[in-house]
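Coordinate analysis (summary)
Here is what each chain is made of, one letter per residue.
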Amino acid sequence: MTHTTESAGSAEKPLASLIRHATDNAVSWITLDRPEAMNALTWDQRERVIGLLTDASADPGVRAVVITATGRGFCAGADLRGGPPAGPRVAGDVARTIRLGAQRLIAAVLDCEKPVIAAVNGTAAGIGAHLAFACDLVLAAEQARFIEVFVRRGLVPDGGGAYLLPRLVGPQRAKELMFFGDALSAVDAERMGLVNRVVPAEELEGTARAWAERLAAGPTRALTLTKQLVNASLDTDRAAAFAAEAAAQEINMTTADATEGVASFVERRTPRYEGR
């Protein structure tokens with residue numbers, strides 16, 4: 001839980017201006033816009049992000065999601081200012097806060113029924129790094145950095161970090177990142193497999209848009225089912241994975257896009273997917 005100081009100016013801004021949202025060409029753009037605080041998330045901002053991801057799942061007009069930010073930071077972590085008033089702490093309070101807060105945010109990304117791209121413009125620290133790592137694809141500007149900052153504060157990583165990192169880079173690398181808390185450059189993150197592609201800062205939005213619009217033009221339900229299979233693959237055995245794959249194929253073959261995909265192959269033409 002990385003804490004930052006919230007400025008009075010940002011506290012007065014409406015929530016919709018701090019977490020901006022727009023849908024363009026079937027892509028839901030979620031932009032963290034509190035650059036003076038390196039886009040650290042307060043509890044209400046976190047809830048808006050979760051809500052937008054939930055809405056994206058249910059909206060047939062949304063077929064891909066991009067999470068990005070403004071300024072020098074992608075997300076500096078969690079900012080607990082502005083949350084419910086703190087009273088005397090009792091056993092279970094911390095675990096409940098983590099479960100209902102950081103873990104819900106990461107789960108919202110992992111469970112979103114549309115592919116989610118992180119376009120990381122700057123520093124991603126703590127839960128901000130985990131927000132990026134939970135996305136299906138990660139683009140990073142050359143100046144982006146990723147920091148497992150928890151150890152610097154004497155804290156245990158939260159927001160699914162100890163779940164995500166070993167699956168992405170293996171346990172030894174995950175421990176190195178979490179034990180030392182050193183800043184990881186975008187280039188090194190790409191080399192380790194945490195980032196799909198590093199681009200110059202001026203190309204980040206354009207690359208994210210191109211990737212997202214390509215996904216949005218694809219067979220949405222097939223992408224959703226593929227995402228679910230891959231995300232579950234490291235948590236299950238072969239028999240369960242094969243059964244899930246067969247079930248996903250059964251479900252997908254009922255979609256209009258699957259019918260269109262087969263028809264376009266037979267007719268030797270480019271498929272026209274509608275996301276249904």
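My aim in this report is to walk through the structure given alongside it, one point at a time. Please read all numbers here as calculations on a predicted model, not as lab measurements.

1. Description of the overall build of the protein chain
- A tally of helices and strands in the protein chain yields 13 helices and 10 strands.
- The C-alpha atoms of the protein chain give a radius of gyration of 19 Å, which matches the 19 Å a tight globule of 276 residues would have.
- With the principal axes as the frame, the protein chain shows a C-alpha extent of 65 × 40 × 35 Å.
- Counting only residues that meet the buried cut, the protein chain has 44% of its 276 residues in that class.
- Intrachain contacts of the protein chain at a sequence separation of at least 6 include 71% that bridge at least 24 residues.
- As displayed, the protein chain offers around 14,000 Å² of accessible surface, 56% of which is attributable to carbon and sulfur atoms.
- When the 30 basic and 33 acidic side-chain charges of the protein chain are each reduced to a single mean position, those positions are 2 Å apart.

2. Structural notes on the sheet that holds strand 8 (residues 145–147)
- With mixed pairing, the four strands of this open sheet are ordered in space as 4-6-8-9. Whereas interior strands pair on both sides, the edge strands pair on one side only; in this sheet they are strand 4 (73–75) and strand 9 (183–185). Within this sheet the neighbouring strands show an average axis-to-axis angle of 25 degrees, counted without direction.
- Pairing of strand 6 (residues 123–125) with strand 8 involves three bridges; the strand directions are parallel. Considered in strand 8, the bridge of alanine 124 is made with phenylalanine 146.

3. Let's talk about the packing of helix 11 (residues 220–233) against helix 12 (residues 238–252)
- One can describe the packing of helix 11 onto helix 12 by two numbers: an axis separation of 10 Å at closest approach and a directional angle of 170 degrees. Regarding the angle of helix 11 to helix 12, the classification is roughly antiparallel. On helix 12, the residues touching Arg221, Ala222, Leu225 and Leu229 of helix 11 are Ala244, Glu245, Ala248, Ile251 and Asn252.
- Considering only residue class, the contact of helix 11 with helix 12 consists of six nonpolar, one polar and two charged.

4. Some points on the packing of aromatic side chains
- What the rule picks out here adds up to one aromatic pair.
- Directly above the ring of tyrosine 163 sits arginine 167, whose terminal nitrogen or CZ lies 3.8 Å from the centroid.

5. Quick word on the packing of helix 3 (residues 43–58) against helix 5 (residues 102–111)
- Interhelical geometry of helix 3 versus helix 5 gives an angle of 20 degrees and a closest axis separation of 9 Å. In terms of orientation, helix 3 lies roughly parallel with respect to helix 5. Once helix 3 is placed against helix 5, the crossing between them reads as left-handed. Together, Arg46, Glu47, Val49, Ile50, Leu53 and Ser57 of helix 3 and Ala102, Arg104, Leu105, Ala108, Val109 and Asp111 of helix 5 make up the contact between the two elements.
- Of the residues that constitute the contact of helix 3 with helix 5, the class distribution is seven nonpolar, one polar and four charged.

6. Brief notes about the environment of alanine 129
- One can find alanine 129 in helix 6 (residues 127–133).
- Residues alanine 129 and glycine 92, spaced 37 residues apart in sequence, show a C-alpha to C-alpha distance of 26 Å.
- In contact with alanine 129, other than residues within four places in its own chain, are Ala124, Ile147 and Glu148.

7. Here we look at the sheet that holds strand 10 (residues 197–199)
- Judged by pairing direction, the sheet is mixed, and its six strands sit side by side in the order 1-2-3-5-7-10 without closing on themselves. Both outer strands of the open sheet, strand 1 (19–24) and strand 10, are each paired with one neighbouring strand and no more. The mean inter-strand angle of the sheet, taken between neighbouring strand axes irrespective of direction, is 20 degrees.
- Sheet topology places strand 5 (residues 116–120) next to strand 7 (residues 137–141); four bridges connect them, and they run parallel. Bridged to alanine 118 within strand 7 is valine 138.
- Contacting strand 1, strand 2 (27–32), strand 3 (64–69) and strand 5, helix 3 crosses the sheet at an angle of about 15 degrees to strand 1.
- Docked against the sheet, helix 10 (residues 204–216) engages strand 1, strand 2, strand 3, strand 5, strand 7 and strand 10, running at close to 165 degrees with respect to strand 7.

8. Section: the pairing of strand 1
- Looking at chain direction, strand 1 and strand 2 are connected through six bridges and run antiparallel. Residue pairing for strand 2: threonine 23 is matched across the bridge by serine 28.

Quick notes on the rules
Residues numbered from 1 in each chain as written. Predicted model: local features only at pLDDT ≥ 70, side-chain atom pairs only at ≥ 80, totals over all residues. Heavy atoms only, no water. Helix = DSSP H or I, 4+ residues; strand = E, 2+ residues; numbered from the N terminus. Rg over C-alpha atoms; globule rule 2.2 N^0.38 Å. Buried < 20%, exposed > 50% of the residue type's maximum accessible area, 1.4 Å probe, protein only. Contact = heavy atoms within 4.5 Å. Areas by Shrake-Rupley, 256 points an atom, 1.4 Å probe, with all protein chains shown as cover. Lys, Arg positive; Asp, Glu negative; His and termini not counted. Charge placed at Lys NZ, Arg CZ, Asp CG, Glu CD. Pairing = 2+ DSSP bridges. Axes fitted to C-alpha atoms, helices over the stretch in contact; angles between N-to-C directions. Parallel < 35°, antiparallel > 145°, perpendicular 65-115°, else oblique. Nonpolar A, V, L, I, M, F, W, Y, C, P; charged D, E, K, R; others polar. Phe/Tyr/Trp six-rings, centres within 6.5 Å; stacked < 30°, edge-to-face > 60°. Lys NZ or Arg CZ within 6 Å of the ring centre and 35° of its normal. Left-handed = near helix turned anticlockwise from the far one by under 90°.

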